[in-house]
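# Examination of the molecular architecture
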Amino acid sequence: MDRWIIDNLWLVPTYALFGGLLALLWSPAFIRRTGPRPAGYFNILSTGLAFLHSAIALPLIWNQPEATISFNWLDAAGLNVDLDLKASVVNVGTMALISGITFLAQLFAVGYMEMDWGWARFYSLLGLFEGGMSLLVLCDSAFFSYIVLEILTLGTYLLVGLWFSQPLVVTGARDAFLTKRVGDLVLLMGVVALLPIAGTWNFTNLAAWAQTAELDPTVATLLGLALVAGPLGKCAQIPLHLWLDEAMEGPLPASILRNAVVVPIGAWVLVKFQPVIALSPVAVTVEWSVGLVTALLCSAIAIAQIDIKRVLSYATSAYMGLVFVAIGFGQSDLALLLCLTYSVAMVLLTMSAGCVISNCVTQDVTQLGGLWPKRPAAGPGFLVGMLGLVAVPPLGCFWSLSALGGALLAANQPLIFAALLLINAMTGFSLMRTFGLVFFGPESPMTQRAPEVLWPMSFPTLVMVGVVLHTPLLLIQWQILPSLGMTEAIALATSSLIGLGSAAALYLNPQVAKPVHSIPAPIRDFFAYDLYTAKLYRNTIVLVVGAVSGVLFWIDRFIVDGFVNAVGALTVVGGQGLRYNTTGQVQFYALSILLGVVLFGALVAWPILAPAVP
């Protein structure tokens, strides 16, 4: 039985995919009598099976060699493409994390989307997401990893656009799809180039090849930048970061998955490509530089937001930026640990935000307040999630952020370590500010009648409270708790205290004047409107593309179409003229044919006869 569980780990993605396909039966065109609820229940059951399979397999595969399986997909004209799967402790543990979070998100959706008309389609898309992410974790092929990433991009578009009757939802789904496609197209170039350069798409073989490869610096740089571009878009890094904020227009249960596991899955792919990216120092520098800039700017932008979901989306981009920094400095294992500790805390924060939004109507934190005594699950949940996301000992991110700080100091990067302290402090400030505005202060009209939510929402929130609090014990149990230096641990804990404490002094006490009006309006608007990135896009890229499109339209309309229309007009005129030569007499037709043959023969013979003409 144990051997069967390990040998058939490839079945884990199929559970979710089967549940997603089964949910389509309850779409409006099929089963109507029972209502759409069975679609959700079957998906929850299939996800539970996926979690049980991966959770049971995890201790069985511990300290065991990696299990591999390969399916031949294409073998033609000298091209051999295999679907390679690899099961290791990290892969199986990641699948357990994905299926466990998806299970809780689906249960959360039972309460959050209780009366929603798109229930069956929503759960079907969640099944597609879960199956795709689980397959991507198992996949050891760059080619098929790219295909799965494209499927997830399509799933993002469909999930964000679930409520397609709302204009903002349609815009958010479109922008999320197109923005991610920019990085995907560049990544495709890199993946296609890998095969003739390295001779393989297998990640394990690519890592072995990269150890001895000697590439031209220009080729290595172009290849490395192409491989970075895809994860850069998936992880919502500057300048491809706006899609995550706009994707928040979709259902919040989907945002739980998007913030916690879908966005970090881009970092998983980056870790896989890192041995090849490391061949180019330029690509590595761009990698960690983009991550550092994104983390600094997005953590600052989050402070100026009034939408609770936007605060969390920018925190997601900031933490993925730190993951890019860790990978860029050769700390791939530490990057995965940071993804783990971040994911469980972000799940709890997003669920707590969903509990607030569900029956308070608004997402504007300035219109909320006084919810602490009314929300015994959401309030403590947000508090624990906030403490788990910043470097507060002994919770999860304290260990991963402190280990990152130690790696930066060991690499002689004190300025980047100082930036890490600032990012941690700003994240703590933005989350504590949100916590104070939502749960403390006077009640508002939106919160006067706002009791705790239904149990399908509060129960997963309380489960995640326990998971976040027990994360350090799990790290000890799994023997992945990093050893820390005193300097970085004390410095990060102090930065957390400064960020959380300063925000608590301002926003937990309603008697204290808020500093928002003391900040000059241009600076305040600069961060509130996302550094005017959208306006910058409109005045640069969109303007240039629009101008080029206008020129191409004019050429197509008046030159290409004009030439074709002119030929057509001449043909019509010629035909109209020739019809008067149609007499019906056979001898006239014979003469016309003879003249045509003579003329054609003269044209053909002219190059031969011309030199003989004096």
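See the structure above.
Throughout what follows, the structure given in this document is the object of discussion. Keep in mind that this is a model prediction, so the values were computed, not measured. (Residues numbered from 1 in each chain as written. Predicted model: local features only at pLDDT ≥ 70, side-chain atom pairs only at ≥ 80, totals over all residues. Heavy atoms only, no water.)

## Overview of the nonpolar core
Formed by 170 residues in total, the largest nonpolar core has its most connected members in Phe122, Leu194, Phe273, Tyr319, Leu322, Leu389 and Leu401. Examining the composition of this core, we find that 19 residues originate from one element, helix α14 (residues 332–360), more than from any other. Not counting residues within four places of it along the chain, the set of residues in contact with Leu322 comprises Gly291, Ala295, Leu338, Leu401, Leu404, Leu420 and Ile423. In this structure, Leu242, Ile301, Ala302 and Ala318 belong to the second largest nonpolar core, which totals six residues. (Core = buried A, V, L, I, M, F, W, Y, C linked by side-chain atoms within 4.5 Å. Buried < 20%, exposed > 50% of the residue type's maximum accessible area, 1.4 Å probe, protein only. Helix = DSSP H or I, 4+ residues; strand = E, 2+ residues; numbered from the N terminus. Contact = heavy atoms within 4.5 Å.)

## A few points about the pattern of salt bridges
The tally for this structure, following the rule as stated, stands at three salt bridges. For Lys234, the salt bridge goes to Asp184, with nearest N and O atoms at 3.2 Å. Residue Lys234 is located in helix α9 (residues 217–234), and its partner Asp184 is located in helix α7 (residues 167–198); the two are separated by 50 residues in the primary sequence. Under the relative-accessibility criterion, Asp184 is labelled buried at 0%. (Salt bridge = Lys/Arg side-chain N within 4 Å of Asp/Glu carboxyl O.)

## Regarding the packing of helix α5 (residues 119–138) against helix α11 (residues 252–277)
The interhelical angle for the contact between α5 and α11, taken along N-to-C directions, is 20°, at an axis separation of 11 Å. Relative to α11, the element α5 is oriented roughly parallel. When you trace α5 past α11, the crossing you get is left-handed. Taking contact as the criterion, the partners of Phe122, Leu126, Phe129, Met133, Leu136 and Val137 in α5 are, on α11, Pro253, Ala254, Leu257, Val261, Val262, Ile265, Trp268 and Val269. (Axes fitted to C-alpha atoms, helices over the stretch in contact; angles between N-to-C directions. Parallel < 35°, antiparallel > 145°, perpendicular 65-115°, else oblique. Left-handed = near helix turned anticlockwise from the far one by under 90°.)

## Let's talk about helix α8 (residues 203–212)
Taken together, the buried positions of α8 are occupied by Phe203, Leu206, Trp209 and Ala210. Taken end-on, α8 shows its buried residues confined to a sector of 115°, consistent with a single buried face. Exposed positions of α8 whose direction lies more than 90 degrees from the buried face are Gln211 and Thr212. Looking at the buried side of α8, the elements it contacts are α6 (142–160), α7 and α11. A distance of 2.9 Å separates the backbone nitrogen of Thr204 from a side-chain oxygen at the start of α8, and that oxygen is part of Asn202. (Arc of directions from axis to C-beta. Polar contact = N/O pair within 3.5 Å; in protein donor to acceptor, adjacent residues only side chain to side chain.)

## Some words on the side chain of Ser352
Assignment of secondary structure puts Ser352 in helix α14. When sequence neighbours within four positions are dropped, the list of residues in contact with Ser352 reads Ala378, Gly381, Phe382 and Thr461.

## Observations regarding the side chain of Thr200
Note on placement: Thr200 falls in the loop between α7 and α8. Residue Thr200 is classed as buried on the basis of its relative accessible area, which comes to 14%. Those residues in contact with Thr200 that lie beyond four places of it in its chain are Leu194, Leu195, Asn205 and Leu206.

## Examining unusual backbone geometry
Here Ile238 and Pro239 are connected by a cis peptide whose omega angle stands at 10°. By secondary structure assignment, the location of Pro239 is in the loop between α9 and α10 (242–247). Backbone torsion omega between Pro393 and Pro394 reads 5°, so that peptide bond is classified as cis. Position of Pro394 relative to the elements: it lies in the loop between α15 (378–389) and α16 (396–410). One non-glycine residue, Gln479, adopts positive backbone phi at about 60°. Inspection of the secondary structure assignment puts Gln479 in the loop between α18 (455–477) and α19 (486–507). With a relative accessible area of 70%, Gln479 lands in the exposed category.

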